[in-house]
Amino acid sequence: MRVALLANRSSIHTVRWANGLAGRGHEVHLISAAEGGDALDPRVRYHRLRWRAPAGYFLNATAVRRLLAEVRPDVMNAHFASGYGILGRLSGFHPFVLSVWGSDVYDFPRRSPLHAALVRSDLLAADRVCSTSRVMAERTRSLAPLESIAVVPFGIDLERFEPSRSRERSDEVTIGTVKALAPKYGVDLLVRAFALVRDRLAAGGTDPAERLRLLVVGGGPDADRLRALAEDLGIAEVTHFVGPVPHAEVPAWLARLDVYVALSRLDSESFGVAVLEASAMGLPVVVSNAGGLPEVVEHGVTGLVVPRDDHVAAAEALMQLVRDPQLRRRLGDADRRHVEDRYSWAACIDALESVYEGVVE
């Protein structure tokens, strides 16, 4: 099948979809106004658009129509309703599959009635809409009267993300996250929760307090504020801020953790692919009940789910895991099986191929 992807070239998720489809033998054409990002499979044909976002979502329409006329794909798949979804609608091409990602249906429509109308137009123009989670599918239905939405998660590469038991030989217990350092992701809540756990354990005179470490991998606008917060809370000496890393290095950093934490505040955290990557590594996870995170974590079975914006509740969950290595092992093992059963990369590519075949027929 010949597939045209309208998507952000610099996003790792775009690269993984493009490479995954090319690996299945499809002829993939990636059309994007962005550049940079992880390496594309040599079989993926990349077409760089002239105009950058956000104006490019409108200004590139003529160029996209011309490209599609040359490529003549069997199906066009635009990713992100409030961005490349506009280009997909303006191209007039069919069959048109539109994949929603999160903030495009949660945050963007709330800006004004005009923004909401724009997203609604893009959704209604598509022949099929895909969502990465059930909760986001329901949110998307609230914006446009769609008969059905296909749930196609971001898959996990089980060969790259596999359990590592090397950390079990260490006396340290390392808690951490791999995430953009932005307010919506609640990394400040993790810092506060970690400090509270350490203080409580120290007050009780228990040994784990001295063995606790905090690892924060990622960059973003909150980086300086989070470092200052760690200083204020007296945990700077046991906290390591790594900064941004390429996605290829993420498994190595996850292998240093004993517990993974994601305390997002907003429902636009619509799926939780970073949580599933940690789960695939056999890590127990602590997540907030925001967006799609509870959908990928079964409370008490594969991890612990806590109320959003509540660092005290997060600290209580972390206390359980710090004090009970057997619980960490049990949840982590169940986590890996959960990802193998539901979120393997092969299964997710199968699901997307099924959507394409349906609209082409």
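These figures come from a predicted structure and were not determined experimentally. (Residues numbered from 1 in each chain as written. Predicted model: local features only at pLDDT ≥ 70, side-chain atom pairs only at ≥ 80, totals over all residues. Heavy atoms only, no water.)

*Asks:* In this structure, what is going on with unusual backbone geometry? I would like to understand it.
*Replies:* Where the residue is not glycine, phi is negative for most of them; where a peptide bond is considered, it is trans in most cases. The amide bond that connects A53 to the next residue, P54, takes the cis arrangement and shows omega of 0°. You can see P54 is positioned in the loop between β3 (45-48) and α2 (56-59). Omega for the peptide link from H94 to P95 comes to 5°, which places this bond in the cis form. Position of P95 among the secondary structure elements: in the loop between α4 (80-91) and β5 (96-99). Residues other than glycine seldom take positive phi values, yet R72 does so here, at roughly 55°. Mapped onto the elements of the fold, R72 is located in the loop between α3 (61-71) and β4 (75-79). With relative accessibility at 63%, the residue R72 sits in the exposed group. A positive phi angle, close to 95°, is found at F80, a residue other than glycine. Look at F80 and you get partly exposed, because its relative accessible area is 23%. (Helix = DSSP H or I, 4+ residues; strand = E, 2+ residues; numbered from the N terminus. Buried < 20%, exposed > 50% of the residue type's maximum accessible area, 1.4 Å probe, protein only.)

*Asks:* Is there a simple way to think about the sheet that holds strand β13 (residues 303-306) in this case?
*Replies:* The strands making up a sheet associate through hydrogen bonds between their backbones, and the pairing can be parallel or antiparallel. Strand order in the open sheet formed by 6 strands is β10-β9-β8-β11-β12-β13, with parallel pairing between adjacent strands. Taken across any chain shown, the strands that pair with only one partner, and hence form the sheet edges, are β10 (239-243) and β13. Neighbour to neighbour, the strand axes of the sheet diverge by 20° on average, direction disregarded. Bridging between strand β12 (residues 285-288) and β13 involves 4 bridges; their strand directions are parallel. Among the inter-strand pairings, S288 is bridged to a residue of β13, identified as V306. (Pairing = 2+ DSSP bridges. Axes fitted to C-alpha atoms, helices over the stretch in contact; angles between N-to-C directions.)

*Asks:* Sorry if this is basic, but what is going on with empty space enclosed by the protein here?
*Replies:* To find the voids left in a structure, one rolls a probe of water-molecule size over its atoms. Across all of its chains, the model carries 2 cavities of 30 Å³ or more by this definition. Lining the largest cavity, in full, are W17, H79, S99, V100, W101, C130, S131, T132, V152, F154 and L352. Of the residues that constitute the lining of the largest cavity, the class distribution is 7 nonpolar, 4 polar and no charged. As for the second largest cavity, its lining consists of T177, K179, Y185, G186, V187, L190, V261, A262, L263 and S264. (1 Å grid on protein atoms, 1.4 Å probe; cavity = no way out; pocket = protein on both sides within 12 Å on 5 of 7 lines; lining within 4 Å. Points joined across faces, edges and corners; volume = space filled by probe spheres on them. Nonpolar A, V, L, I, M, F, W, Y, C, P; charged D, E, K, R; others polar.)

*Asks:* It is not clear to me how the packing of aromatic side chains should be interpreted in this structure. Could you clarify?
*Replies:* Each pair of aromatic rings is reported with the distance of its centres and the angle of its planes. Within this structure, the stated rule accounts for 5 aromatic pairs. Ring centres 5.3 Å apart and planes at 75° place the aromatic pair Y57 and Y84 in the edge-to-face group. Taken together, the residues span a long stretch of sequence, with Y57 in helix α2 and Y84 in helix α4 at a distance of 27 residues. With a centroid separation of 5.5 Å and an interplanar angle of 85°, the aromatic rings of W101 and F154 are classed as edge-to-face. Highlighted residues: W101 in the loop between β5 and α5 (103-106) and F154 in the loop between β7 (150-151) and β8 (173-178), separated in sequence by 53 residues. (Phe/Tyr/Trp six-rings, centres within 6.5 Å; stacked < 30°, edge-to-face > 60°.)

*Asks:* So what exactly am I meant to see when it comes to the packing of α4 against helix α6 (residues 113-125) here?
*Replies:* A pair of packed helices is captured by two measures, namely the crossing angle of their axes and the spacing between those axes. Where α4 meets α6, the closest approach of the two axes is 9 Å, and the angle between their N-to-C directions is 55°. With respect to each other, α4 and α6 are oriented oblique. Of the two elements, α4 crosses α6, and the hand of that crossing is left-handed. Contacts between α4 and α6 involve A81, S82, G85, I86 and R89 on the former and, on the latter, L118, V119, S121, D122, L123 and A125. Tallied by class, residues from the contact of α4 with α6 come to 6 nonpolar, 3 polar and 2 charged. (Parallel < 35°, antiparallel > 145°, perpendicular 65-115°, else oblique. Left-handed = near helix turned anticlockwise from the far one by under 90°. Contact = heavy atoms within 4.5 Å.)

*Asks:* Mind showing me how you'd approach helix α10 (residues 223-232) here?
*Replies:* Each α-helix winds once per 3.6 residues, and so residues spaced three or four apart point in a common direction. For α10, the full list of buried residues reads A223, L226, L229 and A230. Seen from one end, α10 has its buried residues packed into an arc of 125°, which puts them on one side. Exposed positions of α10 whose direction lies more than 90 degrees from the buried face are D224, E231 and D232. Each element contacted by the buried residues of α10 is listed here: α8 (187-203) and β10. Phi for G234, located one or two positions after α10, is positive at around 75°. (Arc of directions from axis to C-beta.)

*Asks:* Help me out: how do you make sense of the nonpolar core in this one?
*Replies:* Nonpolar side chains tend toward joint burial in soluble globular proteins. Grouped together as the largest cluster of nonpolar side chains are 54 residues, with contacts concentrated most on L5, W17, I156, L254, Y260, V275 and Y356. With 7 residues, the single largest contributor to this core is helix α16 (residues 345-360). Ignoring any residue separated from it by four or fewer positions in sequence, one finds V275 in contact with Y260, A262, V285, V287, L293, V296 and V297. (Core = buried A, V, L, I, M, F, W, Y, C linked by side-chain atoms within 4.5 Å.)

*Asks:* Sorry if this is basic, but what is going on with the layout of surface pockets here?
*Replies:* Counted as a void, the largest pocket has a volume near 940 Å³. It is helix α12 (residues 273-280) that contributes the most residues to the lining of the largest pocket, 4 residues altogether.

*Asks:* Help me understand the environment of V100 in this model?
*Replies:* With respect to the helices and strands, the residue V100 is situated in the loop between β5 and α5. Spatially, the C-alpha atoms of V100 and T140 are 8.1 Å apart, while their sequence positions differ by 40 residues. In contact with V100, other than residues within four places in its own chain, are A81, V105, L123, V129, C130, S131, T132, M136 and T140.

From the geometry alone we can't say anything about function, so treat these as descriptive.
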